[in-house]
Amino acid sequence: MAHAPTNPLIAPGVHRYSRSQAYAKKALFKKAKQVAPAKAAAPATTKTVQVGGAKNNQTREVPLVKAPRFYAAEDAPVPKKSRKAPRPVSLRASITPGTVLIVLSGKYRGKRVVFLKQLESGLLLVTGPHKVNGVPIRRVNQAYVIATSTKIDISGVNTEKFTDAYFKRDKVEKKKATEEALFEAGQKKPVDASRVQDQREVDKAILATLKKDRILRGYLNASFALSRGQFPHLMKF
Amino acid sequence: MVFSRFVEVGRVVLITYGPDAGKLAVVVDIIDHSRVIVDGPTTGVARQAISFKRATLTDLTISIPRTIGTPALKAQIEKQDLLGRWSKTAWAQKIAKREARAKLTDLDRFKLMVARKQRRAIVGKALGKIRKSK
């Protein structure tokens, strides 16, 4: 329990001791006095302008910013200010580097892929490896992924060069459609050689471990699907 | 059809509903035509009255006197090897199998699929040979 107040009220608003007595009792003289820092002078909002005319007093104070000539007849609604700041995305505890994930959406849905790391944007960097199941190094959202309990050793993989910027696409200026261009559109653009090289380098160490375990390789090659009587929320992964 | 599972003192029951679902217990006393007092000191079932809506009779019994105390019942269960006898029944093995299947991880399921494929290939081959020879 807190002790009794040193300066109790004898009537509402009236204290037992005077201000100086209370000062002595609290031994406030021992404390360093707090001095409020001098306030910086407010920036000027007006300026002095020379004016002609003998009766105009030569100078006049004029506001720096002119007041608007018109006011809105009705008050415009001001949008509510949001005080929420985006927080960094947390990674699910079941996902650690080397975890085998099942991709649930997108072009590669149903594929089992290897998790490499989480990028700054919160997206997950994964690889198939490409040679095993055709999934290249790409980013996936962890919401569209099932984490399995299987882990693959990826200590030999260097993922330093992969950032969100790495996946940024060059903006291609739109050209006016011509007959030629429309028919050319069906042709596939070849993959950049440097990307192929990056893919090869990352997959190298993973493929080495998969070579030792043929079942694991077959596992990554196989795609995931639910069959009759299987309910994902009741299953262990 | 002759009945072989009776509500009797010493009858082993499997609890199928409630917090003790899936546990074995032994009938210690009979209250009325639908309720009994059960106890399961080795399986974590507290001594309680239970309705047969929540339990099923098994084929197993142990010989005990009526209203036996919990420590004495525990000694009897261990002496008559109730859990060992239970684990040998087809019923217990079916439950164990179901639990083992539920515990499989994604990789285990894949391994199982591969193993079943291999078995199918071997059996199919042998069956084809027999068919041809006939």
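As recorded in an unreviewed UniProt entry, chain B goes by KOW domain-containing protein and comes from Spizellomyces punctatus. As its UniProt record puts it under Sequence similarities (unreviewed entry), chain B is described as follows: "Belongs to the eukaryotic ribosomal protein eL14 family."

The name given to chain A in an unreviewed UniProt entry is 60S ribosomal protein L6, and the organism recorded there is Spizellomyces punctatus.

**Student:** Just checking my understanding: could you explain the interface of chain A and chain B for this structure?
**Tutor:** Many descriptions give the size of an interface as the accessible area lost when the pieces come together. Each partner contributes to the interface: chain A provides 15 residues, whereas chain B provides nine residues. Both faces combined, the contact of chain A with chain B buries some 910 Å², and carbon together with sulfur accounts for 62% of it. Run the count over chain A and chain B and you get one salt bridge. Salt-bridge contacts for Arg112 of chain A lead to Asp106 of chain B; the nearest nitrogen and oxygen are separated by 2.9 Å. Put simply, chain A and chain B have three residue pairs in polar contact (both at pLDDT 80 or more) between them. Of all the elements in the fold, those that place two or more residues in the side of chain A that touches chain B are strand E9 (145-151) and helix H5 (214-221) of chain A. Here the element with the most residues in the side of chain A that touches chain B is H5 of chain A; it accounts for four residues.

**Student:** Would you mind going over the sheet that holds strand E7 (residues 124-127) of chain A with me for this structure?
**Tutor:** Two modes of strand pairing occur in sheets, parallel and antiparallel, and in both the strands are linked by backbone hydrogen bonds. All names here are of chain A. With antiparallel pairing, five strands are arranged side by side in an open sheet as E8-E7-E6-E5-E9. The open sheet terminates on both sides in strands that have one partner only, identified here as strand E8 (138-140) and E9. Ignoring strand direction, the axes of neighbouring strands in this sheet form an average angle of 45°. Inspection of the sheet shows strand E6 (residues 112-118) paired to E7 by four bridges, in the antiparallel sense. By the bridge assignment for E7, Lys117 is matched with Leu125. Lying over the sheet, H5 contacts strand E5 (99-103), E6 and E9, oriented at roughly 90° with respect to E6.

**Student:** Help me understand the pattern of salt bridges in this model?
**Tutor:** Opposite charge on two side chains permits them to pair, given that their charged atoms come into close proximity. Summed over the entire model, instances satisfying the criterion amount to ten salt bridges over all chains. Of the charged contacts, one joins Glu8 of chain B and Arg11 of chain B as a salt bridge, the two residues approaching to 2.7 Å between their closest N and O atoms. Under the relative-accessibility criterion, Arg11 of chain B is labelled buried at 3%. Between Arg35 of chain B and Asp32 of chain B there is a salt bridge, with its nearest N and O atoms 3.5 Å apart. Classification of Asp32 of chain B as partly exposed rests on a relative accessible area of 29%. Sharing partners across several salt bridges, the network here consists of Arg112 of chain A together with Asp106 and Arg109 of chain B.

**Student:** Which parts of the structure should I look at to understand the pairing of strand E1 (residues 11-15) of chain B?
**Tutor:** As a general feature of sheets, a regular strand has side chains that alternate between the two faces. Residues and elements named next belong to chain B. When you tally the buried positions in E1, you get five out of five residues, the bulk of the element. Burial along E1 is two-sided: the face carrying Arg11, Val13 and Ile15 and the face carrying Val12 and Leu14 are both buried. Relative to strand E5 (residues 55-61), E1 runs antiparallel, the two being bridged by four bridges. The partner of Val13 across the bridge, within E5, is Leu57. Note that E1 and strand E2 (residues 24-30) share three bridges and pair antiparallel. Bridging across to E2, Leu14 finds its partner in Leu24.

**Student:** Honestly, the packing of aromatic side chains in this entry has me stumped. Any pointers?
**Tutor:** As enumerated under the stated definition, the model contains five aromatic pairs over all chains in all. Connected via pairs of aromatic rings, a cluster forms that spans Phe162, Tyr166 and Phe167 of chain A. Here the guanidinium or amino end of Arg195 of chain A rests over the ring plane of Tyr166 of chain A, the centre of that ring lying 4.3 Å away. The residue whose ring lies beneath Arg109 of chain B is Phe237 of chain A, and the NZ or CZ to ring-centre distance is 5.4 Å.

**Student:** Before we go on, may I ask you to explain the UniProt feature "domain: Large ribosomal subunit protein uL6 N-terminal" (unreviewed entry) in chain A in this structure?
**Tutor:** Here, UniProt's "domain: Large ribosomal subunit protein uL6 N-terminal" (unreviewed entry) annotation points to residues 3-38 of chain A. When the span residues 3-38 of chain A is considered, its composition is 19% helix and 14% strand, and the gap between its end C-alpha atoms is 38 Å.

**Student:** I tried to follow the side chain of Thr58 of chain B on my own but got confused; where do I start?
**Tutor:** Residue and element names in this part refer to chain B. The residue Thr58 is located in strand E5 in this model. On the accessibility criterion, Thr58 (1% relative accessible area) is buried. Among the polar contacts made by the side chain of Thr58, one reaches the main-chain carbonyl oxygen of Val12 at a distance of 2.8 Å. Apart from the residues within four sequence positions on either side, Thr58 is in contact with Arg5, Arg11, Val12, Val13, Leu14, Trp86 and Trp91.

**Student:** Would you take a moment to explain the sheet that holds E5 of chain B for this structure?
**Tutor:** Residue and element names in this part refer to chain B. Strand order across the open sheet formed by five strands is E4-E3-E2-E1-E5, with antiparallel pairing between neighbours. Every interior strand has two partners, whereas the edge strands, strand E4 (45-51) and E5, have only one. Put simply, the sheet's adjacent strands are angled 40° from each other on average, direction ignored. Contacts from helix H1 (residues 70-79) reach E2, strand E3 (35-40) and E4 within the one sheet, and its direction differs from that of E2 by about 130°.

Cut-offs and rules
- Residues numbered from 1 in each chain as written.
- Chains lettered and ligands numbered in written order.
- Predicted model: local features only at pLDDT ≥ 70, side-chain atom pairs only at ≥ 80, totals over all residues.
- Heavy atoms only, no water.
- UniProt positions renumbered as here; feature names shortened; annotations may be inferred.
- Contact = heavy atoms within 4.5 Å.
- Buried area = accessible area lost by both parts, 1.4 Å probe.
- Salt bridge = Lys/Arg side-chain N within 4 Å of Asp/Glu carboxyl O.
- Polar contact = N/O pair within 3.5 Å; in protein donor to acceptor, adjacent residues only side chain to side chain.
- Helix = DSSP H or I, 4+ residues; strand = E, 2+ residues; numbered from the N terminus.
- Pairing = 2+ DSSP bridges.
- Axes fitted to C-alpha atoms, helices over the stretch in contact; angles between N-to-C directions.
- Buried < 20%, exposed > 50% of the residue type's maximum accessible area, 1.4 Å probe, protein only.
- Phe/Tyr/Trp six-rings, centres within 6.5 Å; stacked < 30°, edge-to-face > 60°.
- Lys NZ or Arg CZ within 6 Å of the ring centre and 35° of its normal.

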